[in-house]
Amino acid sequence: MIMDGKKIRNNMTTMREAGLSRPEAGLDPRLTANGAPKAPKEVEECHVSQKLAVLQEESLKPIKEDLAEWIARTLGIEITTDNFLEILDNGVHLCNLAKIIQGKAEECVMDGSYTEPLPKVSLKYRNNATSGSWFARDNTANFLKWCKAFGMADDQMFETEYLVSHTGEKSVLMTILELARIGYKFGLDPPNLIRMEKEIEKEEEVVEVKPAKPSGLDAEVIPIATAENIFDLDAEVRRIAFLCKCHDHVKKLGDGKYLIFGKVVQIRFLKNRHLMVRVGGGWDTLENYLIHHRPVEVFEHKRLVPGEPHDVGNKYLYFKSKYKSHAQVASEHNGHVH
């Protein structure tokens, strides 16, 4: 008997949500495949994996929300964070997005605003492909082929199975975000995250005056976010930094610019709801960024300068176990102390 691809995927999703990796493992993640109780360490690892999945889902939600609104606006379809992968997993809508961007690119060539030759790539896909089918995989593969032709790097593209089987949501989101960047280059209205990226790029092009000395977040009483000041970015940064117990290592350098654990980062409000940190070529929520980058221990050392008094010297910071492991982050959220 041949089972429908979508039913198989739904069954796999149900097992993952239950903390299971194999169908024969039963319904209780505390039991092994033959029904025997798992060792305490195995149970703990299972709980840690589940907690990590929740943390990642929370950090991806703002990005998924922004991209869902962009796709809905661009294609005129109904798509939300709840049905994001289900709507896209047959590859049809992604191919439609690529087709719109290609049309925009051709218009730019015709009006002279874009002078470079466009890649010669034919985008073929089946509009009636069903989720989980080989046609869905073929549509997705053709979409990725188009992305590569338009300059998307291999490490920016998800694997076909990540979308079709719903096994790599983060990778799918990063690819669509990069697709939106390509669209923006040819005049397509972008998601809010891309708008914020361009604002940051313009700000960085401006020659800045020498910044004032960074001020620690513990220099004054933290303002609690209320309905009146919820849109105050600095107030929210302070609030989250205190909640994560990182306020000693978060210093404001300017509007939207902060020094966090010795690194300068840009922070922006996404739709006045989510604090997002510009990380490399992507984005992360401030809370997730702080949780995963918070030093376990920070020591201040002083290098003595010959001929200078003992209270004068070159200070530097020593970070011990600078980045927390995923297991440690999840354990702390479970209430365990290491």
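As a reminder, the structure under discussion sits directly above these lines.
All figures in this text were calculated on a predicted structure; none of them were measured in a lab. (Residues numbered from 1 in each chain as written. Predicted model: local features only at pLDDT ≥ 70, side-chain atom pairs only at ≥ 80, totals over all residues. Heavy atoms only, no water.)

Helix and strand counts for the protein stand at 11 helices and 8 strands. In the protein, 56% of the contacts between residues at least 6 apart in sequence involve partners at least 24 apart. When the accessible surface of the protein is totalled, it reaches about 19,800 Å², and 53% of it is carbon and sulfur. (Helix = DSSP H or I, 4+ residues; strand = E, 2+ residues; numbered from the N terminus. Contact = heavy atoms within 4.5 Å. Areas by Shrake-Rupley, 256 points an atom, 1.4 Å probe, with all protein chains shown as cover.)

Tallying each qualifying case throughout the model produces 4 aromatic pairs. On the numbers, 4.9 Å between centres and 70° between planes, the contact of Tyr 114 with Phe 186 is edge-to-face. Taken together, the residues span a long stretch of sequence, with Tyr 114 in the loop between α4 (92-110) and α5 (134-149) and Phe 186 in the loop between α7 (169-185) and α8 (192-205) at a distance of 72 residues. Across the pair, exposure class does not vary: Tyr 114 and Phe 186 are buried alike. Considering the side-chain rings of Trp 146 and Phe 150, the 4.2 Å spacing of their centres and the 20° angle between planes classify their relative orientation as stacked. By relative accessible area, which is 9% here, Phe 150 ends up buried. (Phe/Tyr/Trp six-rings, centres within 6.5 Å; stacked < 30°, edge-to-face > 60°. Buried < 20%, exposed > 50% of the residue type's maximum accessible area, 1.4 Å probe, protein only.)

Pairing of strand β2 (residues 250-254) with strand β3 (residues 257-260), which is carried by 4 bridges, proceeds in the antiparallel orientation. The residue bridging Val 250 from the neighbouring strand is Ile 260, located in β3. Between the end of β2 and the start of β3, which pair antiparallel, lie 2 residues, with Gly 256 showing a positive phi angle near 75°. (Pairing = 2+ DSSP bridges.)

Right, let's get into helix α9 (residues 233-243). Where burial is concerned, most of α9 is hidden: 8 out of the 11 residues are buried. Inspection of α9 places Leu 233, Asp 234, Ala 235, Glu 236, Val 237, Arg 238, Ile 240 and Ala 241 among the buried residues, and these make up the whole buried set. Looking at the buried residues of α9, the elements they touch are β2, β3, β4 (263-270), β5 (274-279) and α10 (286-293). Near the N-terminus of α9, the side chain that reaches the backbone nitrogen of Asp 234, with its oxygen 3.2 Å away, is that of Asp 232. (Polar contact = N/O pair within 3.5 Å; in protein donor to acceptor, adjacent residues only side chain to side chain.)

This part takes up the pairing of β5. The side chains of a regular strand alternate, first on one face of the sheet and then on the other. The buried fraction of β5 is high, at 5 of 6 residues. Strand direction decides the pairing type here: β4 and β5, joined by 4 bridges, are antiparallel. Within β5, the position partnered with Ile 267 by the bridge is Val 277. Where β4 folds back on β5, the antiparallel hairpin that results is connected by 3 residues, among which Lys 271 adopts a positive phi of roughly 55°. Looking at chain direction, β5 and strand β6 (residues 282-285) are connected through 4 bridges and run antiparallel. Among the inter-strand pairings, Arg 278 is bridged to a residue of β6, identified as Trp 283.

A few words on the nonpolar core. With 45 residues, the main nonpolar core has Phe 84, Phe 143, Trp 146 and Ile 176 as its most contacted residues. Sorting the residues of this core by element identifies α2 (40-75), α3 (84-88), α4, α5, α7 and α8 as the ones contributing at least two each. When sequence neighbours within four positions are dropped, the list of residues in contact with Ile 176 reads Leu 67, Trp 70, Ile 71, Phe 84, Leu 88 and Leu 94. Counting 19 residues, the second largest nonpolar core, distinct from the first, contains Ile 240, Ala 241, Ile 260 and Tyr 289. (Core = buried A, V, L, I, M, F, W, Y, C linked by side-chain atoms within 4.5 Å.)

So, on to the environment of Ala 98. If you trace the backbone, Ala 98 turns up in helix α4. Along the sequence, Ala 98 and Leu 144 sit 46 residues apart, while their C-alpha atoms lie 9.7 Å from each other. If near-sequence neighbours (up to four positions away) are discounted, Ala 98 is found in contact with Leu 123, Phe 143 and Trp 146.

Another point: the packing of α7 against α8. For any two helices packed against each other, one specifies the crossing angle of their axes together with the interaxial distance. For the pair α7 and α8, interaxial distance at closest approach is 10 Å and the crossing angle is 65°. For α7 against α8, the interelement crossing comes out right-handed. Of the residues in α8, those in contact with Leu 177, Ala 180, Arg 181 and Tyr 184 of α7 are Leu 193, Ile 194, Glu 197 and Lys 198. Its residues assigned to classes, the contact of α7 with α8 shows 5 nonpolar, no polar and 3 charged. (Axes fitted to C-alpha atoms, helices over the stretch in contact; angles between N-to-C directions. Left-handed = near helix turned anticlockwise from the far one by under 90°. Nonpolar A, V, L, I, M, F, W, Y, C, P; charged D, E, K, R; others polar.)

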